[in-house]
Amino acid sequence: MSIRVVLIPILAALVAGPAAGQTAGHFYNVDKEIRFEGTVREIVLEPRYKGTAPFLVLRVEASAGTRMYNVEVSPSWFFGQDIHGGEKVKIVGSLSSEAPEGVPTVIARELQLRGETFTLRDKRGFPSWQGGPQRKRGIRRFGSF
């Protein structure tokens, strides 16, 4: 078997695009990671990525009350927790450069809800749901933020 036959699939996989669940210009950037606390004001399921399940998006008002954020949590099938308007949350995530309607978007890596921390992405920003519902690994939970 020639080296060319081995390298072509590897190169194709690397060039194919960003990690699963991400599109060009909209990806997890560890250099833009922020932490904030806030109150859930609205819960929405939005089609964020072409050809995938809708995403759970939270509209969160920061504790200071000065700023709203759209927080991308995960695909709807992945996050199995009930969230209600008015609940307090803590978010660790990447501030996206996209800001539709002047509201910044944060791609969540960790979400703390009712004292439980849910890890949605690893420290490099790769999603825990990679591989789709058939390969669901589940949300990792920890006791505190």
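Starting from 1, residues in each chain are numbered consecutively following that chain's sequence as written. For a predicted model such as this one, the threshold for reporting local features is a pLDDT of at least 70, and the threshold for listing and counting side-chain atom pairs is 80 or more; totals across whole chains, interfaces and linings nevertheless cover every residue. Excluding hydrogens and water, the side-chain values take into account all heavy atoms of the structure.

Q: Looking at this model, I keep getting lost on the overall build of the chain. Mind explaining?
A: Starting at the N terminus, helices and strands are each numbered in turn, a helix being any DSSP run of H or I of at least four residues and a strand any DSSP run of E of at least two. Counting its secondary structure elements, the chain contains one helix and seven strands. Of the regular secondary structure in the chain, the N- to C-terminal order runs α-β-β-β-β-β-β-β. Burial status follows relative accessibility: with a 1.4 Å probe on protein chains alone, a residue under 20% of its type maximum counts as buried, one over 50% as exposed, and anything between as partly exposed. Every one of the 145 residues in the chain was classed for burial, and the buried ones make up 39%. In this description, contact between two residues means that some pair of their heavy atoms is separated by no more than 4.5 Å. Relative to all contacts within the chain whose residues are 6 or more apart in sequence, the contacts with residues 24 or more apart total 54%.

Q: Would you mind showing me how to read the nonpolar core here?
A: For soluble globular proteins, nonpolar side chains are generally found buried alongside one another. One finds Leu58, Val71, Val73, Phe79, Ile91, Leu111 and Leu120 to be the most contacted residues of the largest nonpolar core, which totals 24 residues. Looking at this core, the elements with two or more residues in it are β1 (33-46), β2 (55-62), β3 (68-75), β4 (88-95) and β5 (105-113). Among the elements that make up this core, the one with the highest residue count is β2 (six residues). What we call a nonpolar core is a set of buried Ala, Val, Leu, Ile, Met, Phe, Trp, Tyr and Cys residues that are connected through their side-chain atoms within 4.5 Å.

Q: Just to check I follow, could you spell out the pairing of β3 for this structure?
A: Every regular strand shows the same layout, with side chains that alternate between the two sheet faces. Summarising burial for β3: seven of the eight residues are buried, a large majority. For two strands to pair, DSSP has to find at least two bridges joining them. Summarising the sheet, β2 and β3 pair through seven bridges and their orientation is antiparallel. When the sheet's bridge partners are listed, Leu56 is paired in β3 with Ser74. Between β2 and the antiparallel strand that follows it, β3, lie five residues; Gly65 among them carries a positive phi value of about 75 degrees.

Q: What's the story with the environment of Thr52 in this structure? I'm lost.
A: As for its position among the elements, Thr52 is in the loop between β1 and β2. Assessed through its relative accessible area of 43%, Thr52 is described here as partly exposed. Taking the C-alpha atoms as reference, Thr52 lies 8.1 Å from Pro75; in sequence the two are 23 residues apart.

Q: Got a minute to help me understand the pattern of salt bridges in this structure?
A: Between side chains of opposite charge, a pair can form as their charged atoms come close. Any carboxyl oxygen of Asp or Glu within 4 Å of a side-chain nitrogen of Lys or Arg constitutes a salt bridge here. The final tally for this structure, using the stated rule, is seven salt bridges. The residue Glu110 makes a salt bridge to Arg109 at a minimum N-O spacing of 3.4 Å. Like Glu110, the residue Arg109 is buried in the burial classification. Connected through salt bridges with shared partners, the residues Glu33, Arg109 and Glu110 form a single ionic network.

Q: Just checking my understanding: could you explain the packing of aromatic side chains for this structure?
A: Centre distance within 6.5 Å is the pairing criterion for rings of Phe, Tyr and Trp, where only the six-membered ring of Trp is used; planes under 30 degrees apart are then read as stacked, over 60 as edge-to-face, and the remainder as tilted. Applying the stated criterion to the full structure yields five aromatic pairs. Aromatic side chains Phe79 and Phe118 sit 5.5 Å apart centroid to centroid with 75 degrees between the ring planes, which places their arrangement in the edge-to-face category. Here Phe118 lies in strand β6 (residues 116-119) and Phe79 lies in the loop between β3 and β4, a separation of 39 residues in the sequence. Here Phe79 and Phe118 have matching classes, each one buried. Put simply, the rings of Phe55, Trp77, Phe78 and Trp129 pair up and form one aromatic cluster.

Q: How should I be thinking about the pairing of β2 in this particular structure?
A: Among the eight residues of β2, seven are classified as buried, and the element is accordingly described as predominantly covered. Sheet topology note: the β1/β2 ladder contains eight bridges and is antiparallel. The residue bridging Leu45 from the neighbouring strand is Leu56, located in β2.

Q: Explain the environment of Glu37 to me, please; I cannot follow it from the model alone.
A: Positionally, Glu37 belongs in strand β1. In the structure, Glu37 is positioned 55 residues away from Val92 in sequence and 9.1 Å away in space, judged by C-alpha atoms. In this view, Glu37 contacts Glu61, Ala62, Ser63, Val89 and Lys90; residues no more than four positions away in its chain are not counted.

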